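# A closer look at the structure
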Amino acid sequence: MKTTILIVDDDREIAELIQFYLENEGYNVLKGYDGEEALTIIAEKSIDLLILDVMMPKIDGLEVCKKVREKHPIPILMLSAKVEDMDKIVGLMTGADDYMGKPFNPLEVVARVKALLRRVHMQMKSTESTTDQLFIHSLVINKKNHVVQVEGKKVNLTPIEFDILYLLASRPSRVFSSEEIFEHVWNEEAYGISKTVMIHISNLRKKLEDATNGEKIIQTVWGVGYKIDA
């Protein structure tokens, strides 16, 4: 079965350009042109990856991203003409897995899509090989089902957040640098990505603290990296 990618951008020329390159790679492509249409398609179709513009009519991309994250763990690549660091931070904190500024090289979009899908594929292969659960602090982390629970209640994490948590929890007291986390989770070489990792760690921390009444599970070792103590 072909991988299905949804492109949502109110600029039809950009959507069609990305579609052309992705279809040349063998992907099945759907398109939407505003936030409402995006949510309708996602509710009705099986989508493997979402490419989402930020500035759109009716519902903007950030709000769409939030709504998708409430129910779906699909990878999200966000596109925006806003390329300042703060814009990227906001996009990633909203739940996007990756962020690209406009204008862009469509071949880079294809490369980012392949990297996100490869990470999901590796994630699925690893879950098929184990049914182990990790019990650390008040968390129960189920690798097979990608579920995290606190006292029986599920903690809603993105796929990247889950992978970061599992990595740290599987090696208690081991300090992982930002580069090591990126290479383990994204399955790519790390080049100046500490801010990206920091944003995902920040999101993960907030969710865990909200679920555990403020328990500080992920520790920062300043100048070195991050760890979870047993």
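Each chain carries its own residue numbering, running from 1 in the direction its sequence is written. The predicted nature of this model means local features are confined to residues of pLDDT at least 70 and side-chain atom pairs, given and counted, to a pLDDT of 80 or more, with totals for whole chains, interfaces and linings taken over all residues. Hydrogens are left out, water is left out, and the side-chain values use all remaining heavy atoms of the structure.

The chain carries the name DNA-binding response OmpR family regulator in an unreviewed UniProt entry, which gives Pseudogracilibacillus auburnensis as its organism. UniProt annotates the chain under Subcellular location (unreviewed entry) with the comment "Cytoplasm". UniProt positions are given in the numbering used here, feature names are shortened, and annotations may be inferred rather than shown by experiment.

## Brief notes about the UniProt feature "modified residue: 4-aspartylphosphate" (unreviewed entry) in the chain
The UniProt entry lists D53 under the feature "modified residue: 4-aspartylphosphate" (unreviewed entry), expressed in the numbering used here. By the criteria applied, helices consist of DSSP H or I runs no shorter than four residues and strands consist of E runs no shorter than two, each listed in order from the N terminus. The residue D53 is located in strand β3 (residues 49–53) in this model. According to the relative accessible area criterion, D53 is buried, its value standing at 3%. Burial here depends on accessible area, computed with a 1.4 Å probe over protein chains only, as a share of the maximum for the residue type. Under 20% is buried, over 50% is exposed, and the range in between is partly exposed.

## Details of the pairing of strand β4 (residues 76–80)
Taken across its five residues, β4 has five buried, putting it largely inside the fold. Here β4 shows no split at all, with I76, M78 and S80 on one side and L77 and L79 on the other all buried. Bridging between β3 and β4 involves four bridges; their strand directions are parallel. Along β4, the bridge assignment pairs I51 with L77. Throughout, right-handed denotes a crossover for which the path from the first strand over the helix to the second runs clockwise when the strands point away from the viewer. The β-α-β motif built from β3, the intervening helix α3 (residues 61–71) and the parallel element β4 has right-handed crossover chirality. At least two bridges found by DSSP between two strands are what make those strands a pair.

## Thoughts on the sheet that holds strand β5 (residues 98–101)
One open sheet holds the five strands; their spatial order is β2-β1-β3-β4-β5, and the pairing between them is parallel. With partners counted over all chains shown, the strands left at the sheet margins are β2 (28–32) and β5, one partner each. Strand-to-strand twist in this sheet, taken as the mean axis angle between neighbours without regard to direction, amounts to 20 degrees. Two residues form a contact once any of their heavy atoms are found within 4.5 Å. Fitted lines through C-alpha atoms give the axes, limited to the stretch in contact for helices. The angle between two N-to-C directions lies from 0 to 180 degrees. Taken strand by strand, helix α2 (residues 35–44) contacts β1 (4–8), β2 and β3, and its axis lies near 140 degrees from that of β2. Relative to the sheet, α3 contacts β3 and β4, its axis offset from that of β4 by approximately 170 degrees.

## Examining the confidence of the model for the chain
Mean pLDDT over the chain stands at 87; residues scoring 70 or higher make up 93%. For every residue, the pLDDT score states the predictor's confidence, bounded by 0 at the bottom and 100 at the top. Segment residues 127–131: pLDDT under 50, and six contacts once partners within four positions in sequence are set aside and those in other chains are kept.

## Re the packing of helix α6 (residues 159–170) against helix α8 (residues 194–211)
It is at 10 Å that the axes of α6 and α8 come closest, and there the two elements cross at 80 degrees. In terms of axis orientation, α6 runs roughly perpendicular to α8. Contacts between α6 and α8 involve I160, E161, I164, L165 and L168 on the former and, on the latter, H200, I201, N203, L204, K207 and L208. Only Asp, Glu, Lys and Arg are considered charged, only Ala, Val, Leu, Ile, Met, Phe, Trp, Tyr, Cys and Pro nonpolar, and every remaining residue, Gly among them, polar. When its residues are assigned to classes, the contact of α6 with α8 shows seven nonpolar, two polar and two charged. When describing relative orientation, an angle under 35 degrees is termed roughly parallel and one over 145 degrees roughly antiparallel, while 65 to 115 degrees is termed roughly perpendicular and anything else oblique.

## Let's talk about the nonpolar core
By nonpolar core we mean a set of buried residues, namely Ala, Val, Leu, Ile, Met, Phe, Trp, Tyr and Cys, connected to one another through side-chain atoms within 4.5 Å. With 29 residues, the main nonpolar core has L139, I141, I164, L165, L168, I181 and I218 as its most contacted residues. Here the element with the most residues in this core is α6; it accounts for eight residues. Of all hydrophobic cores here, the second largest spans 20 residues; its members include I5, L22, Y27 and I51.

## Focus: helix α1 (residues 12–24)
In this model, α1 (13 residues) spans 18 Å end to end at C-alpha, consistent with the 18 Å of a helix rising 1.5 Å per residue. Within α1, the full set of buried residues consists of I14, A15, I18, Q19 and L22. Seen along its axis, α1 keeps its buried residues to an arc of 135 degrees; they face one direction. Seen from the open side of α1, the exposed residues pointing more than 90 degrees away from its buried face are E13 and N24. Residue D11 occupies the N-cap position of α1, its side-chain oxygen lying 3.1 Å from the main-chain nitrogen of E13. Under the convention used throughout, the expected extent of a helix is 1.5 Å for every residue step, that is, one less than its residue count. The arc in question is traced by the directions running from the helix axis to the C-beta atoms. The definition of a polar contact used here is a pair of N or O atoms within 3.5 Å, where within protein one atom must be able to donate a hydrogen and the other to accept one, and adjacent residues in sequence count solely through side-chain atom pairs.

## Concerning the pattern of salt bridges
Each salt bridge in this description consists of a side-chain nitrogen of Lys or Arg and a carboxyl oxygen of Asp or Glu lying within 4 Å of one another. Applying the stated criterion to the full structure yields 13 salt bridges. Between K67 and E63 there is a salt bridge, with the nearest N and O atoms lying 4.0 Å from each other. Separated by four residues within a single helix, K67 and E63 lie in helix α3, roughly one turn from each other. Taking the relative accessible area as the measure of exposure, K67 reaches 35% and is therefore partly exposed. A salt bridge links R174 to E180; the shortest N-O distance between them is 3.3 Å.

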